[in-house]
Amino acid sequence: MRRGARLDAMLQSLGLPDFRPRGVFRGPPSMFEEMDAERARKLREWVNEHTRPA
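Within every chain, residues take consecutive numbers counted from 1 along the sequence as written. Reporting in this predicted model follows two pLDDT cut-offs: at least 70 for local features of residues, and 80 or more for side-chain atom pairs to be given and counted; totals over whole chains, interfaces and linings ignore these cut-offs and use all residues. Water and hydrogen atoms play no part in the side-chain values, which are based on all heavy atoms of the structure.

A. Broad picture of the pattern of salt bridges. A carboxyl oxygen of Asp or Glu within 4 Å of a side-chain nitrogen of Lys or Arg is what we treat as a salt bridge. Taken as a whole, this structure holds 4 salt bridges when the rule is applied. A salt bridge links arginine 41 to glutamate 38; the nearest nitrogen and oxygen atoms lie 2.4 Å apart. In this pair, arginine 41 and glutamate 38 are both assigned in helix α2 (residues 29-51), 3 residues apart and thus about one turn of the helix distant. To sort residues, take the accessible area from a 1.4 Å probe on protein chains only and compare it with the maximum for the residue type: under 20% means buried, over 50% means exposed, and anything in between is partly exposed. Classification of glutamate 38 by relative accessible area gives partly exposed; the value is 32%. The salt bridge involving glutamate 45 is made with arginine 41; its shortest N-O contact spans 2.6 Å. Taken together, the residues glutamate 45 and arginine 41, both in helix α2 and 4 residues apart, mark about one turn of the helix. Taken together, the shared-partner salt bridges connect Asp18, Arg20 and Arg22 into one network. A run of H or I in DSSP counts as a helix once it spans at least four residues, and a run of E counts as a strand once it spans at least two, with each numbered from the N terminus.

Shown next, in the form of structure tokens:
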């Protein structure tokens, strides 16, 4: 539990944007898997864009 809290704090300190859509959603599990994959792709692109050496 403490390790998770420390990791959450470390991630928040990076200033990563939250790519989660707001609101309540209903749909099949495949839709949520697609949403998760899209969020992971956006996070990966953001990190790659902001961590490249100058």
